[in-house]
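Okay, here's what each chain looks like letter by letter:
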Amino acid sequence: MDLTIIHENGDRKGARQIFAGKAIVRIGRHLDNDCELNSNGDRGVSSFHAELRIEDGRVRVVDTGSTNGVFVNAVRVSDAFLSPTDLVELGEGGPAFRVEGAPPMPAGEKKYGQRTVGMMIESALARAGLARKGGTSKSTEYFEALVEKKVRRTSAVLRWTIAASVLVLAAAGTASGVYLYRNRSVQVVQTTQVNYGDATGSAVAAANRYTIFMLAGQPRLPQGFGPLQGFCSAFAVKDDVLATNAHCVRVASEQFAGIVAIMNGVPAGRYPVSRMVAHPGYVKGEISPDVGLMRVAARLPYVVSIAPATELAQIAPGAPMFLYGFPGRLNREDAPEATFVNGDIGRVTTFDQRLGNFGENTLLQHSAFSTGGTSGSPMFNSAGRVIGINAGGYLEGAEVLHGYNFGMRIDLIEPLFAMLGSG
């Protein structure tokens, strides 16, 4: 059973960590943890704060004696079974994460251990001014039933609140020209830029440092093969799949042999590429779906967060974006250090420069500096999630128009997973 930790808050906000085949994942600030948190930025976290344990196919979080506690959905726990939607905080208001791979809670199963329930009861009684002195006539089961009833009631109220909020937002959005799409066939008439976060460039770069890869291969020469040479960028979208450009896939198959993906900042982190696919709609020399996927022969420890359709639908001119890749002249296989730059979205159109519907507006013009080696670089939005793949720049005659570059919207890769097949 593989676990993926998705960091929602803290110094690693936006990062995804995959732990394959581990029955226990230790979390804390000490170097010996499996999930090591920033010893300077996340000071409220203990050296060995908590553990994720796989027990009978379920995932349990356990407080291992931390100073500031472990909270699941704002409830302090000593241990609790997790579902994929549960938010775990290390200390109240501290670094927070969710766990993919945790199955949903079966109906009727207790989420919290007996000790946690006791903590919840004591806390509730203290707030009510009824702290127990010398015992109580009510059983633990009685108070636990009250807690569970409160949770159910709160959940119902929350669902209605969220539903009401969505209706209000829908009404407000329509009035101001923002449209909520049921599907991609709805015609876009007017869009309003929405920034889905305020992540700084340094935070986005830090969270994604080890999701970025240099593609390198041995050039085919008349006398054999040349030395390893970097030629494009790529980034991890699954624990064994990289996204890049279709033209990078073509170059890899036509000009190079023995393709490897070299992890940013880790010269020894070399992952052989075992299979590649390019989008069938890509046409060399034309602006077309320039996206591709590569499968590697080993597990990747980090993957990017991809923006959902609601965020992709709101990409508009003026939206800030970040690019992270390997400019051609700076490609060094022995010292793979990617370059992080920022820019703005210039316009969002169809491949033939028209304004179409959501399903067609997949060409993202941007102003971030770009060169040949940055082909295949991820384009991040202000929340640190990937919205596109950098692809190239416009030419006027034979001259490159600097600041007029373009990328492919990230959801163009979706049909390629089936083409790539399983590992």
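Each remark here, short or long, concerns the structure printed above.
The sections below set out a description of the structure shown in this document.

Here is what the cut-offs are and how they apply
- Residues numbered from 1 in each chain as written.
- Predicted model: local features only at pLDDT ≥ 70, side-chain atom pairs only at ≥ 80, totals over all residues.
- Heavy atoms only, no water.
- Pairing = 2+ DSSP bridges.
- Helix = DSSP H or I, 4+ residues; strand = E, 2+ residues; numbered from the N terminus.
- Phe/Tyr/Trp six-rings, centres within 6.5 Å; stacked < 30°, edge-to-face > 60°.
- Buried < 20%, exposed > 50% of the residue type's maximum accessible area, 1.4 Å probe, protein only.
- Lys NZ or Arg CZ within 6 Å of the ring centre and 35° of its normal.
- Core = buried A, V, L, I, M, F, W, Y, C linked by side-chain atoms within 4.5 Å.
- Contact = heavy atoms within 4.5 Å.
- Disulfide = S-S within 2.5 Å.
- Polar contact = N/O pair within 3.5 Å; in protein donor to acceptor, adjacent residues only side chain to side chain.

1. Some points on the sheet that holds strand 9 (residues 79-81)
Move 1: With mixed pairing, five strands are arranged side by side in an open sheet as 4-3-5-6-9. Because the sheet does not close on itself, it has two edges, and the strands there are strand 4 (35-36) and strand 9.
Move 2: Pairing of strand 3 (residues 24-28) with strand 4, which is carried by two bridges, proceeds in the parallel orientation. Paired with Gly 28 across the bridge in strand 4 is Glu 36.

2. Focus on the packing of aromatic side chains
Move 1: Per the counting criterion, the structure on display carries five aromatic pairs.
Move 2: Taken together, a centroid distance of 4.5 Å and an interplanar angle of 15° make the contact between Phe 231 and Phe 256 stacked. Of this pair, Phe 231 sits in strand 14 (residues 229-238) while Phe 256 sits in strand 16 (residues 256-263); the two residues are 25 residues apart in sequence, bridging distant segments of the chain. As far as the burial class goes, Phe 231 and Phe 256 line up, both buried.
Move 3: Their ring planes at 25° and their centres at 5.4 Å tell us that Phe 322 and Phe 340 sit as a pair that is stacked. Note that Phe 322 is positioned in strand 20 (residues 320-325) and Phe 340 in strand 21 (residues 339-349), a separation of 18 residues in sequence.
Move 4: Looking at Phe 322, the relative accessible area reads 10%, which means it is buried.
Move 5: By relative accessible area, Phe 340 is classed as partly exposed at 24%.
Move 6: In textbook terms, an aromatic cluster arises when at least three aromatic residues are bridged by ring pairs, as seen for Phe 322, Tyr 324 and Phe 340.
Move 7: Against the face of Phe 358 rests Arg 409, its NZ or CZ located 4.1 Å from the ring centre.

3. Digging into unusual backbone geometry
Move 1: Positive phi values are uncommon outside glycine, yet Ala 74 reaches one of about 75°.
Move 2: Along the chain, Ala 74 falls in the loop between strand 7 (70-72) and strand 8 (75-77).
Move 3: On the basis of relative accessibility, which here comes to 61%, the residue Ala 74 falls in the exposed class.

4. Section: the nonpolar core
Move 1: Counting 45 residues, the largest nonpolar core has Phe 235, Val 237, Leu 293 and Ile 345 as its most contacted members.
Move 2: Ignoring any residue separated from it by four or fewer positions in sequence, one finds Phe 235 in contact with Thr 211, Ile 212, Val 241, Leu 242, Ala 243, Val 304, Gly 376, Ser 377, Pro 378, Val 386, Ile 389 and Ile 410.
Move 3: Residues Ala 236, Ala 246, Met 263 and Val 296 belong to the second largest nonpolar core, which totals 24 residues.

5. What to know about the state of the cysteines
Move 1: Within this structure, the stated rule accounts for one disulfide.
Move 2: There is a disulfide in this structure between Cys 232 and Cys 248, and the S-S distance comes to 2.1 Å. The chirality of the disulfide connecting Cys 232 with Cys 248 is left-handed, given an S-S dihedral of about -80°. In this pair, Cys 232 is assigned in strand 14 and Cys 248 in helix 4 (residues 246-255), connecting sequence segments 16 residues apart.
Move 3: Note on Cys 232: relative accessible area 3%, which makes it buried.

6. A few points about the sheet that holds strand 8
Move 1: Spatially, seven strands are ordered 8-7-10-11-1-2-19 in an open sheet, and the strand pairing comes out antiparallel. Each edge of the open sheet carries a strand with a single partner, namely strand 8 and strand 19 (302-303).
Move 2: Alignment of strand 1 (residues 3-9) against strand 2 (residues 16-19), held across four bridges, turns out to be antiparallel. Its bridge partner lying in strand 2, Thr 4 is registered against Ile 18.

7. Details of the side chain of Ser 46
Move 1: Mapped onto the elements, Ser 46 comes out in the loop between strand 4 and strand 5 (50-55).
Move 2: In terms of polar contacts, Ser 46 uses its side chain to reach the backbone amide nitrogen of Thr 67, at 3.0 Å.
Move 3: What Ser 46 contacts, discounting residues up to four positions off in sequence, is Gly 28, Arg 29, Ser 66 and Thr 67.

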